[in-house]
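The chain contents come next:
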Amino acid sequence: MNEVLNYALGDGSFWMPPQASSVASEVDSLYAFLLWTSAVCFIAIVGVTGYFVVKYRRRSDGQRTHPIAGHRRLEIAWSIIPAALLIVMFVWGVRVWVKQTVPPNGALEVRVNGVMWNWNYDYPQYGFTGVDQLVVPKDTPVKLVINAHDVIHSFFVPAFRLKRDAVPNRYNVAWFEAVELGEFPVYCAEYCGDAHSQMDSVVRVVTEEEFQEWLRTDHVFCPGPEGPLDYGQRLYESKGCRTCHSVDGSKLVGPTFRGLFGTTEKLADGTEVLVDENYVRESMMNPNAKVVQGYDAVMPTYKGKLRDEQINAIIDYIKSL
Ligand code: CUA
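Just so you know, these numbers come straight off a predicted model, no measurement behind them.

Caption draft 1: The packing of aromatic side chains, seen in detail. Here the structure, examined in full by the defined rule, presents eleven aromatic pairs. Pairing Phe160 with Phe184 gives two aromatic rings, centres 5.6 Å apart and planes at 50°, and the pair type is tilted. One end of the pair, Phe160, is in the loop between strand 6 (153–157) and strand 7 (162–166); the other, Phe184, is in strand 9 (residues 182–188), and 24 residues separate them in sequence. Phe184 shares its class with Phe160; the two are buried. Geometrically, the ring pair formed by Phe211 and Trp214 is stacked, given 5.9 Å between the ring centres and 25° between the ring planes. Of this pair, Phe211 and Trp214 are both found in helix 4 (residues 208–217), three residues apart, which corresponds to roughly one turn of the helix. Taking the relative accessible area as the measure of exposure, Trp214 reaches 5% and is therefore buried. Clustering of aromatic rings is evident, with ring pairs tying together Tyr51, Phe52 and Tyr56. The ring centre of Phe156 lies 4.8 Å from the NZ or CZ of Lys163, which sits over that ring. When the ring centre of Tyr295 is taken as reference, the NZ or CZ atom of Lys251 above it lies at 4.8 Å.

Caption draft 2: The pairing of strand 3 (residues 128–131), seen in detail. Of the pairings in the sheet, the one linking strand 2 (residues 118–123) to strand 3 comprises two bridges and is antiparallel in character. Residue pairing in the sheet places Tyr121 in a bridge with Val131 of strand 3. Linking strand 2 to strand 3, which pair antiparallel, is a turn of four residues; within it Gly127 sits at a positive phi near 75°.

Caption draft 3: Spotlight on the pattern of salt bridges. If you walk through the whole model with that rule in mind, you get eight salt bridges. A single network of salt bridges, built from pairs that share partners, joins Glu109, Glu277 and Lys319.

Caption draft 4: Expanded view of the pairing of strand 2. Of all the six residues making up strand 2, five are buried; the element is thus mostly covered by neighbouring parts of the structure. By the bridge criterion, five bridges tie strand 1 (residues 108–115) to strand 2 in an arrangement that is antiparallel. When the sheet's bridge partners are listed, Arg111 is paired in strand 2 with Asp122.

Caption draft 5: Structural detail: a nonpolar patch on the surface. A surface patch of nonpolar side chains, amounting to about 690 Å² of accessible area, comprises Ile87, Phe90, Val91, Val94, Trp97, Val98 and Val102. With respect to the helices and strands, the residue Trp97 is situated in helix 3 (residues 72–101).

Caption draft 6: Geometry of the nonpolar core. If you look at the biggest cluster of nonpolar residues, it comprises 36 residues, and the most contacted ones within it are Trp119, Tyr121, Tyr123, Leu134, Leu144, Phe155 and Phe160. Of all the elements, strand 5 (residues 141–148) adds the most residues to this core, at four residues. Counting 25 residues, the second-largest nonpolar core is a separate cluster that includes Tyr236, Tyr302, Ile315 and Tyr317.

Caption draft 7: Examining the sheet that holds strand 7 more closely. What the five strands build is an open sheet, ordered 4-10-9-6-7; its pairing is mixed. Each end of this open sheet is capped by a strand with a single partner; those strands are strand 4 (134–137) and strand 7. Neighbour to neighbour, the strand axes of the sheet diverge by 20° on average, direction disregarded. With two bridges joining them, strand 6 and strand 9 adopt antiparallel strand pairing. Looking across to strand 9, one finds that Phe156 is bridged to Tyr187.

Caption draft 8: A look at the packing of helix 2 (residues 24–55) against helix 3. Where helix 2 meets helix 3, the axes come as close as 10 Å, and the angle between the chain directions of the two elements is 160°. By the angle between their directions, the pair helix 2 and helix 3 is classed as roughly antiparallel. The interaxial crossing formed by helix 2 with helix 3 has left-handed handedness. Across the interface between the two elements, Glu26, Val27, Ser29, Leu30, Phe33, Leu34 and Thr37 of helix 2 pack against Leu85, Val88, Met89, Trp92, Gly93, Val96, Lys99 and Gln100 of helix 3. In terms of residue class, the contact of helix 2 with helix 3 is built from nine nonpolar, four polar and two charged.

Procedures and definitions
- Residues numbered from 1 in each chain as written.
- Predicted model: local features only at pLDDT ≥ 70, side-chain atom pairs only at ≥ 80, totals over all residues.
- Heavy atoms only, no water.
- Phe/Tyr/Trp six-rings, centres within 6.5 Å; stacked < 30°, edge-to-face > 60°.
- Helix = DSSP H or I, 4+ residues; strand = E, 2+ residues; numbered from the N terminus.
- Buried < 20%, exposed > 50% of the residue type's maximum accessible area, 1.4 Å probe, protein only.
- Lys NZ or Arg CZ within 6 Å of the ring centre and 35° of its normal.
- Pairing = 2+ DSSP bridges.
- Salt bridge = Lys/Arg side-chain N within 4 Å of Asp/Glu carboxyl O.
- Patch = residues over 30% accessible without salt bridge, like charges linked within 9 Å, V, L, I, M, F, W, Y side chains within 5 Å.
- Areas by Shrake-Rupley, 256 points an atom, 1.4 Å probe, with all protein chains shown as cover.
- Core = buried A, V, L, I, M, F, W, Y, C linked by side-chain atoms within 4.5 Å.
- Axes fitted to C-alpha atoms, helices over the stretch in contact; angles between N-to-C directions.
- Parallel < 35°, antiparallel > 145°, perpendicular 65-115°, else oblique.
- Left-handed = near helix turned anticlockwise from the far one by under 90°.
- Contact = heavy atoms within 4.5 Å.
- Nonpolar A, V, L, I, M, F, W, Y, C, P; charged D, E, K, R; others polar.

This is the structure we're talking about:
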């Protein structure tokens, strides 16, 4: 109980959870600035309003108010001061937002799957799928690729000041760098049905050595002898991808998969598209939406023919080439 209370009150600060990620203190500073600026303005405006209500009240039935002329200096002041405050909020907010949104290169990549009503995690680089807690090393950037298998959920880690929606049929990206060891609660922040309030999980932040140890020993999470890369390769061979897409760089009916992921492709209509998770998924579900320049063959849709975990495995396979 005491622990819950400590958590609710935050440790060290009055109403915030612990600051366990690299951006947490910046988010809190911005929050405090917004809160206290609003509080000071609120008190000043309501105070002056109240003072005027009393001071200029009607004292007799026959009393008339005088017409009011403009006051230029006052009007300039009440335009410039709020404008300056709003500009500060905007610039500060954008800087924190960009820092929070763009993952650094070389981050450890974890896929977050929201499904009624639990969170599970895939580590494509290590061949783990369906892990029931997010284990990460301290002081290491972690990129999350977040998706949902049924309805909209939202991945929320208060101690990291991190929240991102998990949406079916697309991938949202978020990242964090944990700066404290320990376990931190994960919640679902989007109402998703009966057990929404119990859709919780945990992030376990460990040392680099403990993380390596965890990678070696915790094979209970691996679904079988076949990791996602082998699974992806098997699907590539069995579902007909290989008929049109090579994996050695040669040009068949469609673009090769080798080195494809992360590049920018020119489309038939002249625009450009970044080959990321969302583009690869769209190309499987709705192949003719964005056709790469120089290719005109019509690819059949795989909508309804591949399950989510199969799509994910194929994406992991393409990424690895
Ligand atoms: Cu998942 Cu609420």
